[in-house]
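Chain by chain, the residues:
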Amino acid sequence: MTLRQARWIIPASLGVLLVGLLVVSSMVDSIQPTQAAFVDGGGGPQVLIGPDDDNVNNPVIQPAGVAVNQSLNNTDVIEGDGGNDVLIGLLGSDVLLGGPGQDVIIGGTEQGQGPNSDIIFGGPGNDVNIWAPGDGSDAYIGDTGEDAMVFGVIDRDGDNVPTLTGSVPGFADGVPTANVTRQGGFCTLESVDDPTLGYEFLVRFFVRATGALAVTIRLAEVEQVFCTSEAGGQITFADLTESDPQFVEVGLDEVEDLNRIVAEIIR
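The rules behind each value
- The written sequence of each chain sets the order in which its residues are numbered from 1.
- Local features are withheld for residues below a pLDDT of 70 in this predicted model, meaning they are given only at 70 or higher, and side-chain atom pairs are given and counted only at 80 or more; totals for whole chains, interfaces and linings count all residues.
- As a rule here, side-chain values cover all heavy atoms of the structure and leave hydrogens and water aside.
- Residues form patches when they are more than 30% accessible in relative terms and have no salt bridge. Like charges link within 9 Å. Nonpolar side chains (Val, Leu, Ile, Met, Phe, Trp, Tyr) link within 5 Å.
- Here the open area of atoms and residues is found with the Shrake-Rupley method and a 1.4 Å probe, where only the protein chains shown may cover a residue.
- The term salt bridge refers to a pairing of a side-chain nitrogen on Lys or Arg with a carboxyl oxygen on Asp or Glu at a separation within 4 Å.
- Positive charges come from Lys and Arg alone, negative charges from Asp and Glu alone, with His and the N- and C-terminal ends not counted.
- For the purpose of locating charges, the reference atoms are NZ of Lys, CZ of Arg, CG of Asp and CD of Glu.
- Secondary structure elements follow DSSP: runs of H or I of four or more residues count as helices, runs of E of two or more count as strands, with numbering from the N terminus.
- Strand pairing requires that DSSP identify at least two bridges connecting the strands.
- Fitted lines through C-alpha atoms give the axes, limited to the stretch in contact for helices. The angle between two N-to-C directions lies from 0 to 180 degrees.
- Between buried and exposed lies partly exposed: a residue is buried under 20% and exposed over 50% of the maximum accessible area for its type, with that area taken using a 1.4 Å probe on protein chains only.
- Any two cysteine sulfur atoms within 2.5 Å of one another count as a disulfide.
- By nonpolar core is meant a set of buried Ala, Val, Leu, Ile, Met, Phe, Trp, Tyr and Cys residues that side-chain atoms within 4.5 Å join together.
- The contact criterion used throughout is that any non-hydrogen atoms of two residues lie within 4.5 Å.

A. Structural detail: a negative patch on the surface. Together, Asp253, Glu254, Glu256, Asp257 and Glu264 make up a region of like negative charge exposed at the surface. Top contributing element to the negative patch by residue count: helix H2 (residues 252-258), with four residues. Of note, Asp253 is situated in helix H2.

Quick look at the structure:
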């Protein structure tokens, strides 16, 4: 599959952010409450969850007696590596890098709590980014492979952390699942004509009950988008490799043919 030529340009500020953060752990379970939130996954399939502790309550970040906010407001930088990883940002405007492998990435389950605009890089391999209602306007850069964008209500536990399910080959702990057919909104698709922006498509998510525009997701080097029909109850799909891609309704059996990983996620 030939990717389009437009490239997303990484701003210099992102490089400064990545260099400036403290590397604290290669496993989420070992992160302590006072550590800054740069999670480096290392090798092999893993589940990496942002600790949401780069905030004013962290004494390593916020010096005592200083009134001005020195934190990143719960922003996490999470980097996967070789293997099929699941990356979950939770709160804050997170930066998530899947790395090599088939990764499933969730920017957040903020339930409308800002800041909540995430920057997501799939990396080499067939990656899936899941956006859930309550998350903000994000950017998703897929990289090489057949990458998919999925809009759906994510299954979560009592702590608002996405739950994993199923026995999916290559994913040791399963994958998150999302209800695409029953969410309260729908998507439209626009091509980006301005090459200076670097993005190729804008997917806009509208609230069905009011018709109001909720968020805009920026896409580059992504091949597939899955959302909900405007009337609700059906899955819509857009093939971004077509010359004039449009959303069309598809069934679950068709999703299985379109993308194996997505078929394990959507219900």
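B. Unusual backbone geometry, seen in detail. In this chain, Gly114 is followed by Pro115 through a cis amide linkage whose omega measures 0°. Phi angles above zero are rare outside glycine, and Leu90 is one such case at about 60°. Within the secondary structure, Leu90 is located in the loop between strand E5 (86-88) and strand E6 (95-97). The phi angle at Glu221 is positive, at roughly 55°, despite the residue not being glycine. Residue placement: Glu221 occurs in the loop between strand E18 (213-220) and strand E19 (224-228).

C. Broad picture of the sheet that holds strand E11 (residues 148-151). What the eight strands build is an open sheet, ordered E3-E5-E7-E9-E11-E19-E20-E21; its pairing is mixed. The strands lining the two open edges of the sheet, one partner per strand, are strand E3 (47-49) and strand E21 (248-250). Averaged over all adjacent pairs, the angle separating strand axes in this sheet is 20°, with direction ignored. Here E11 pairs with E19 via three bridges, running parallel. Looking at the pairing, Met149 lines up with Val225 of E19.

D. Region of the structure containing the pairing of E11. Side chains Ala148 and Val150 of E11 all project onto a buried face; the interleaved residues Met149 and Phe151 project onto the opposite face, where all are buried too. Here four bridges tie strand E9 (residues 128-131) to E11, and the two strands are oriented parallel to one another. Pairing of Ile130 across the sheet is with Val150, part of E11.

E. Summary view of the state of the cysteines. Counted by the stated rule, this structure contains one disulfide. Two residues share a disulfide in this structure: Cys187 and Cys227, whose sulfurs sit 2.1 Å from each other. As the torsion about the S-S bond is roughly 65°, the Cys187-Cys227 disulfide counts as right-handed. Of the two residues, Cys187 sits in strand E16 (residues 185-191) while Cys227 sits in strand E19, which places them 40 residues apart along the sequence. Side by side, Cys187 and Cys227 carry an identical accessibility label, which is buried.

F. Structural context of the nonpolar core. Judged by nonpolar contacts, the single largest core of 26 residues is most densely connected at Ile130 and Phe226. Taken together, the elements giving at least two residues each to this core come down to E5, strand E7 (104-106), E9, E11, strand E20 (235-239) and helix H3 (260-265). Ranked by residues supplied to this core, first place goes to H3 with three residues. Ignoring any residue separated from it by four or fewer positions in sequence, one finds Phe226 in contact with Ala148, Met149, Val150, Phe151, Ile235, Thr236, Phe237, Val255, Leu258, Val262 and Ile266. Counting residues in hydrophobic clusters, the runner-up holds 24 residues, among them Leu96, Met149, Phe201 and Cys227.

G. Geometry of the pattern of salt bridges. A full pass over the atoms with the stated rule returns two salt bridges. Close ionic contact of Arg267 with Asp155 constitutes a salt bridge, the shortest N to O distance being 2.6 Å. A residue pair is termed long-range when its members are at least 10 positions apart, and Arg267 in the segment after H3 and Asp155 in the loop between strand E12 (153-154) and strand E13 (164-165) qualify at 112 residues. Overall, the relative accessible area of 22% leaves Asp155 in the partly exposed class. For Arg204, the salt bridge goes to Glu190, with nearest N and O atoms at 2.7 Å. Taken together, the positions of Arg204 in strand E17 (residues 201-207) and Glu190 in strand E16 put the pair 14 residues apart, joining distant regions of the chain.

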